[in-house]
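Notes for the structure review
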Amino acid sequence: MGLSARVLAIDAGNSKTDVAIVTADGEVLATARGGGFRPPAVGVAAAMDDLAGTVTKALTTAGLTSVTHVSACLANADFPVEEERLAAALRARAWGTTVTVRNDTFAILRAGATEPRGVAVVCGAGINCVGMRPDGRTARFPALGRVSGDWGGGWGLSEEALWHASRAEDGRGAPTALSHTLPAHFGLPSVYALVEALHLEHIPALRRHELTPVLFATAADGDPIARTIVERQAEEVVDMAVVALTRLDLLDEPTPVLLGGGVLAARHAQLNDHVEHLLTARAPKAMPQVVTASPVLGAALLGLDRVGADEGAQGRLRRHYGV
């Protein structure tokens, strides 16, 4: 498409949205940040209205009204039909001549990979995995929680920790230090008091994510139950990665496996070391790497792939984001 091409990169997650306007030679013309992107909660139209303010700010800063290509990596684009619906809504905004929509996990993958080839597992509030090859083949999961076979992520880990702590306290389960460390985090005397506070919303439900670091700290102190939960999370991460590698015929080739999201990016030694141990056993040629780069970088690189930018442009963009 030539050096005059411009890319609007969008990384829109549940909690925040980042956008960037990038030239085909890798120069960043403008960036902007906005709130979360939640079509299931507010509807597609309202979510697009919220996104419009952030996009318009970036376009205005760049002195543009539209671009050559929109590369959007969006939360809640879990099925192809949802990607198509969101792509249609973006085309209606006329921000770009062409539009590509992917699940936001692809942004993590492309941010960490030197080419559009590899597998990414994101373990944040939930857990998801995607893979891609340069020929356009992809692997993915619905990632809707337990209903689609998923286990873990920060929200799931906190729930599992509370489950074991409650049963330990009332006698239904094995003893665990979690029955003390979890309520102590909120200054409460018992798991019963913690469960009551969560139920009555004296502690906002969103604060439950604070229990995940407590789980990891308890595991690091040697508690067997906490360690078992962390090890299971590692197994789930590797299960997803190995399935994606197998689907893409990459299991027997040196392939980057990018690990992202708050839980994996925190580099808890027991979790990340166990992930690497299991990958060595099940996918010896996998090359695990924790990704901490901004996901909007991945969305922008996918856009540069689309407009035919060269490696120099991609390197320039990576340097802008400190990678």
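Cut-offs applied
- Residues numbered from 1 in each chain as written.
- Predicted model: local features only at pLDDT ≥ 70, side-chain atom pairs only at ≥ 80, totals over all residues.
- Heavy atoms only, no water.
- Disulfide = S-S within 2.5 Å.
- Helix = DSSP H or I, 4+ residues; strand = E, 2+ residues; numbered from the N terminus.
- Expected span 1.5 Å × (residues − 1).
- Buried < 20%, exposed > 50% of the residue type's maximum accessible area, 1.4 Å probe, protein only.
- Arc of directions from axis to C-beta.
- UniProt positions renumbered as here; feature names shortened; annotations may be inferred.
- Salt bridge = Lys/Arg side-chain N within 4 Å of Asp/Glu carboxyl O.

- Under an unreviewed UniProt entry, the name given to the chain is BadF/BadG/BcrA/BcrD ATPase family protein, and the source organism is Streptomyces indiaensis.

A few points about the state of the cysteines
- Throughout the structure, instances matching the rule amount to zero disulfides.
- With no disulfide of its own, Cys-123 lies 11 Å from the sulfur of Cys-129, the closest cysteine sulfur.

Observations regarding helix H3 (residues 80–93)
- Taking 1.5 Å of rise per residue, the 14 residues of H3 would be expected to cover 20 Å, and the 20 Å separating its terminal C-alpha atoms lies within 8% of that figure.
- Within the sequence span of H3, burial applies to Glu-83, Leu-86, Ala-87, Ala-89 and Leu-90. Viewed end-on, H3 has its buried residues packed into an arc of 160°, placing them on one side of the element. Of the exposed residues in H3, those oriented more than 90 degrees away from the buried face are Glu-84 and Ala-92.
- Trailing H3 by a residue or two, Ala-94 shows a phi angle of about 60°, which is positive.

Topic: the UniProt feature "domain: ATPase BadF/BadG/BcrA/BcrD type" (unreviewed entry) in the chain
- Cross-referencing UniProt, the feature "domain: ATPase BadF/BadG/BcrA/BcrD type" (unreviewed entry) maps to residues 10–303 in the present numbering.
- Taken end to end, residues 10–303 is 48% helix and 21% strand, and its first and last C-alpha atoms sit 10 Å apart.

As for the pattern of salt bridges
- Counted according to the given criterion, the structure contains 12 salt bridges.
- Between Arg-133 and Asp-135 there is a salt bridge whose closest N-O contact spans 3.9 Å.
- Where Arg-282 meets Asp-239, a salt bridge forms, and the shortest distance between an N and an O atom there is 2.6 Å. In this pair, Arg-282 is assigned in helix H11 (residues 269–282) and Asp-239 in helix H9 (residues 224–247), connecting sequence segments 43 residues apart.
- By relative accessible area, which is 31% here, Asp-239 ends up partly exposed.
- Sharing partners across several salt bridges, the network here consists of Lys-16, Asp-18 and Arg-33.

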